[in-house]
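So the chains spell out like this:
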Amino acid sequence: MLVLLGIAVVVFGFVVRANPLLVLMAAAITTGLAAAWTPAADLAVMWQAGVDTLARFGKAFNDNRFISLVWMVLIAIGLLERSGLQERARMLIAQVPAATSGAVLWVYFVFRQVMSALGLTSLGGHAQMVRPLVAPMAEGAAEAKHGPLPDRERYLIRSHAAAADNIGLFFGEDIFIAIGSILLMVGYLETNGISVTPLSLSVWAIPTALVALAIHSLRLWLLNRQLARSLAGLKAEGGE
Amino acid sequence: MITLTHLYVLAGLVFGAFAVLSAIDRTNARRFRNAAFWGLLAVSFLFGSMVGDLGNGIIALGLVVLAAFGLGQGKPNTTSQEERRASAERRGNLLFLPALVIPAIALAGTLLAQNTPVGAVIMDPKQATLISLILGVLVALAIIMVWLKPPLVAPLQEGRRLIDAVGWASVLPQMLASLGAVFLAAGVGDQVGKLFADYIPLDTRIAAVAAYCIGMAMFTILMGNAFAAFPVMTAAVGLPVLIHGFGGKPEVVCAIGMLAGFCGTLMTPMAANFNVVPANLLELPDRKAALNGVIRAQIPTALPLLVANILLMYFLAFPA
C-alpha cells in the first residue's frame, strides 16, 4: 500500500501547482523509497534505495530519448514561420468566404480521424500541423469576418485546434490494426490464454469512433455559434 | 541503415547549438540556465549510452533542478510581422510545400520501410516513422535554405525561439515515461487494481462495466497514459469479472475499455505531449494551470464519450 504514496505526491503536486518536473521526480523517489521501506530499514538502506531509484529513472529516461526527437521538427517549422507561413495560412483561409473557425477545425478533425483510422497517424501533430497551419487558419477564418480577435476568443480557438488533433487521433487510430494499443491488447490477452486477432479488436473501436465523431462535431458547431455570438456582440459594441 | 542512434547524434548537436546560442543571448536574463538545460539535454542525446544508469539519473535530476528554478525565454533575431506578411504575399501558396513535405516523407518512408525490402535496408523498420519524420525535416530544411536563402544560423535560431517557447515542458513526456518505469518496478499498478477489486461492488453487470470504464479513465488521468492503465484495470476487473464472470466478449471489453482510457487522456495534464506541449506551443496564457485551455476544450467531449463507452460495452459485449 505504501507505494501509492507516489500517486499522492503527483496529485498533491498538481494541487499546489509545483513545477511538474519537480513533482514527477519527487513522486519517483517517494515510490522507490516506499517500496524499499520496512520497519527494520536504516538510513543506509534507504539511501541505497534512493540511489537505485534514481538509476532506474535514469535508465528509463535514456531508453525513452526517442520521445524528444520530435523537437527536431521545430527547426524547419521555425524557419517557415520566419518566411510567413502562418500569415499565408491566414490569407488562404480568408479567400474562402464560407470558412468559419468551427468549419476549419471540423474539416481538420475529420481528416485527422479518418487518416488515423487508415494508420496514417503521422499526418498531423501539434508541432507539425496545429501550430503552423491549423490554428492560424482557424483564427484567420474568424478574423476575416470579425476583424482582430480579442484574446479570450483567440485562445479559445487555439485550444480547440489542439483538441481537434487529439480527439481525431485517439478515436481514429484504434481502428487501424497495427497501432500500438491494439498490439498491446493482443499481447496482453495472449499471455492470459485468450487469443484474438488484431482485426477483431479494431472493428470494436468503430462504434466509439462514430460516437466521438458525432459528439465532437456537435461541439464544434456549438463553438461556431458561441464565437459568432460573442464576436458579433463585440462588433456592435465597438460600433456605438 | 539509419537507426535511432544516428538521430540521437543529430539531436545532440542541435540541442548543443541551442545551448551555445542561449549562452550568448543577452536579451535573456536567465541565459545561462537555458544554456545549461539545453546543454544537459545535448549530453543526454550524445553520451546517454555511455554514462550509465545513475549518470542518466543525475542528468535527469539536473534538468529537474534547472526547471524548478525557472528558465527564461531568449529572443533570437527573427523577421517582423510586416516582413512575414510581405514574404507570404510574395511567395504565395508555394510556402505550404516545405511544410507538407515533412508529413509526406514521414508517411512515405514509414510505408516504404515496412512494406519494401529496399526501405528496410535504408532504415530500421521498427522506428520507421520517427526516422522518416526527421528525414522529412531535413528535406524541408534543404528546400527552404536553397529557395529562400535565410542566414545560415537561422534554422538554429528559429528552432531555439520555438523550443524556448515550449521550455522545460519539452522533456515532460520523456520524464513521465521514466516515472512510469519506476511505478511499474514498485508494483503501483497492482496495488491500485487490488484497491478496485476489494472496495468497489461489482455484482451487477452495469456496475462492473462502469467500474472498468471509469477505472480506466481515472487511472489514465493519474498516470497520463491509457497503456499503463490497461493491464492494471483489465487484471483487476476486466478479466476476472467482465470476461470470466459475466461472459463478456474479450475483444469488445478490451477495445472499448482502452477507448474509455483515452477519454481520461483528454482530461489530464499528465498526458503532457497531448495536453501540455500544445498549450506551450500555442502560447496559451494558462499553459501552466493544471486544467489549461486545451484540457478545458476537451472535457465536454471526453465525459459524454466516457458515458457512451459504458453503454456501448454494456450493450455490445454480452451475447444475449
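Residues numbered from 1 in each chain as written. Chains lettered and ligands numbered in written order. Predicted model: local features only at pLDDT ≥ 70, side-chain atom pairs only at ≥ 80, totals over all residues.

## What to know about the overall build of chain A
Scanning chain A for helices and strands turns up eleven helices and zero strands. Along chain A, helices (α) and strands (β) appear in the sequence α-α-α-α-α-α-α-α-α-α-α when read from the amino end. A compact globule built from 240 residues would reach a C-alpha radius of gyration of about 18 Å, whereas chain A, at 24 Å, exceeds it by more than 25%. Looking at chain A as a whole, 53% of its 240 residues qualify as buried. Here the analysis covers contacts within chain A between residues at least 6 apart in sequence; of these, 72% occur between residues at least 24 apart. (Helix = DSSP H or I, 4+ residues; strand = E, 2+ residues; numbered from the N terminus. Rg over C-alpha atoms; globule rule 2.2 N^0.38 Å. Buried ≥ 20, exposed ≤ 12 C-beta atoms within 10 Å, placed from the backbone. Contact = placed C-beta atoms within 7 Å.)

## Digging into the overall build of chain B
Scanning chain B from N- to C-terminus turns up 16 helices and zero strands. On the principal axes, the C-alpha backbone points of chain B span a range of 70 × 45 × 40 Å. With 320 residues in all, chain B has 53% of them scored as buried. Expressed as a percentage of contacts within chain B between residues at least 6 apart in sequence, the contacts between residues at least 24 apart total 70%.

## Observations regarding the domain arrangement of chain B
Residue and element names in this part refer to chain B. Per the domain assignment, the segments making up chain B are domain 1 (1-75 + 156-185), domain 2 (81-150) and domain 3 (187-316). On the side of domain 2, seven residues touch domain 1, which itself brings five residues to the contact. Taken together, the residues of the side of domain 1 that touches domain 2 sort by class into four nonpolar, one polar and no charged. (Domains from an automatic or database assignment. Nonpolar A, V, L, I, M, F, W, Y, C, P; charged D, E, K, R; others polar.)

## Focus: the environment of Val104 of chain A
By the secondary structure assignment, Val104 of chain A is in helix H6 (residues 101-117). Sequence-distant contacts of Val104 of chain A, defined by excluding residues within four places in its chain, comprise Ile93, Ala99, Met137, Ala138 and Ala141 of chain A.

## Description of the nonpolar core
Residues Val73 and Ala76 of chain A together with Leu63, Val137, Cys213 and Val237 of chain B are the most contacted members of the largest nonpolar core, which totals 189 residues. With residues near it in sequence (within four places) discarded, Val237 of chain B still touches Phe196, Ala197, Leu202, Ala208, Ala211, Tyr212, Gly215 and Leu242 of chain B. (Core = buried A, V, L, I, M, F, W, Y, C linked by C-beta atoms within 7 Å.)

## What to know about the interface of chain B and chain A
The partner chain A presents 96 residues to the 113 residues of chain B that form the contact. Taken together, the residues of the side of chain B that touches chain A break down into 81 nonpolar, 24 polar and eight charged.

## Concerning the domain arrangement of chain A
For chain A, the assigned domains read domain 1 (2-63) and domain 2 (71-239). The C-alpha centroid of domain 2 of chain A is placed 36 Å from the C-alpha centroid of domain 1 of chain A.

## Observations regarding the environment of Arg56 of chain A
Among the structural elements, Arg56 of chain A can be located in helix H3 (residues 43-63). The class of Arg56 of chain A is buried, set by 21 C-beta atoms lying within 10 Å. When the C-alpha positions of Arg56 of chain A and Gly32 of chain A are compared, they lie 9.4 Å apart, and in sequence the two are 24 residues distant. Each residue touching Arg56 of chain A, except ones within four places of it in the same chain, is listed here: Ala181, Val182 and Ala185 of chain B.

## Some thoughts on the packing of helix H1 (residues 4-23) of chain B against helix H8 (residues 154-166) of chain B
Working note: a packed helix pair is described by the angle between its axes plus the distance between those axes. All names here are of chain B. Viewed as axis vectors pointing N to C, H1 and H8 meet at an angle of 85°, and their least axial separation amounts to 10 Å. By the criterion of interaxial angle, the relationship of H1 to H8 is roughly perpendicular. Contacts from Val14, Ala17, Phe18, Leu21 and Ser22 of H1 reach H8 at Leu156, Gln157, Gly159, Arg160 and Ile163. Within the contact of H1 with H8, the residues separate by chemical class into six nonpolar, three polar and one charged. (Axes fitted to C-alpha atoms, helices over the stretch in contact; angles between N-to-C directions. Parallel < 35°, antiparallel > 145°, perpendicular 65-115°, else oblique.)

## Points about the confidence of the model for chain B
Residues and elements named next belong to chain B. Chain-level statistics for chain B give a pLDDT mean of 91 and a share of 100% at 70 or above. The lowest-confidence element of chain B is helix H6 (residues 117-122), averaging 81 in pLDDT; the highest-confidence one is helix H16 (residues 293-316), averaging 97. Taken over the whole predicted complex, pTM reads 0.85, whereas the ipTM for its chain interfaces reads 0.87. (pLDDT = per-residue confidence, 0-100.)

## What about the environment of Arg33 of chain B?
All names here are of chain B. Structurally, the position occupied by Arg33 is in helix H2 (residues 31-47). Accessibility expressed as a C-beta count within 10 Å gives 18 for Arg33, which makes it partly exposed. In the structure, Arg33 is positioned 14 residues away from Ala19 in sequence and 9.4 Å away in space, judged by C-alpha atoms. With near-sequence residues (within four places) excluded, Arg33 lies in contact with Leu66, Phe69, Leu71 and Gly72.

## Observations concerning the packing of helix H4 (residues 73-82) of chain A against helix H5 (residues 96-115) of chain B
Interaxial distance between H4 of chain A and H5 of chain B falls to 9 Å at its minimum, and their mutual angle equals 165°. Here H4 of chain A is positioned roughly antiparallel relative to H5 of chain B, judged by the angle of their axes. The crossing of H4 of chain A and H5 of chain B is left-handed. Contacts from Val73, Ala76 and Leu80 of chain A of H4 of chain A reach H5 of chain B at Pro98, Ala99 and Ile102 of chain B. Looking at the contact of H4 of chain A with H5 of chain B, its residues break down into six nonpolar, no polar and no charged. (Left-handed = near helix turned anticlockwise from the far one by under 90°.)

## Concerning H5 of chain B
Under the 1.5 Å per step criterion, the end-to-end length of H5 of chain B is 28 Å for 20 residues, consistent within 8% with the ideal 28 Å. A bend of about 25° at Ile102 of chain B is the largest found in H5 of chain B, and the proline Pro103 of chain B appears one to four places after it. Tucked inside the fold, the buried residues of H5 of chain B contact H4, helix H5 (85-94) and helix H7 (126-146) of chain A together with H6 and helix H7 (128-148) of chain B. (Expected span 1.5 Å × (residues − 1). Bend = angle between axes of the 7 residues up to and from the residue.)

## Some remarks on unusual backbone geometry
One non-glycine residue with positive phi stands out, namely Lys149 of chain B, at about 45°. Looking at the element boundaries, Lys149 of chain B is found in the loop between H7 and H8.

## Some points on the confidence of the model for chain A
For chain A, the mean per-residue pLDDT works out to 89, and 97% of the residues sit at or above 70. Within chain A, helix H9 (residues 180-191) of chain A has the poorest average pLDDT of any element, 85, and helix H8 (residues 151-173) of chain A the best, 96.

## Some words on helix H9 (residues 172-186) of chain B
Residue and element names in this part refer to chain B. In this model H9 runs 21 Å from its N-terminal to its C-terminal C-alpha over 15 residues, within 8% of the 21 Å that 1.5 Å per residue would give. Within H9, twelve of the 15 residues are buried, which leaves it mostly tucked inside the rest of the structure. Inspection of H9 places Leu172, Pro173, Gln174, Met175, Leu176, Ala177, Ser178, Leu179, Gly180, Val182, Phe183 and Ala186 among the buried residues, and these make up the whole buried set. At the C-terminal side of H9, Gly187 shows a positive phi close to 75°.

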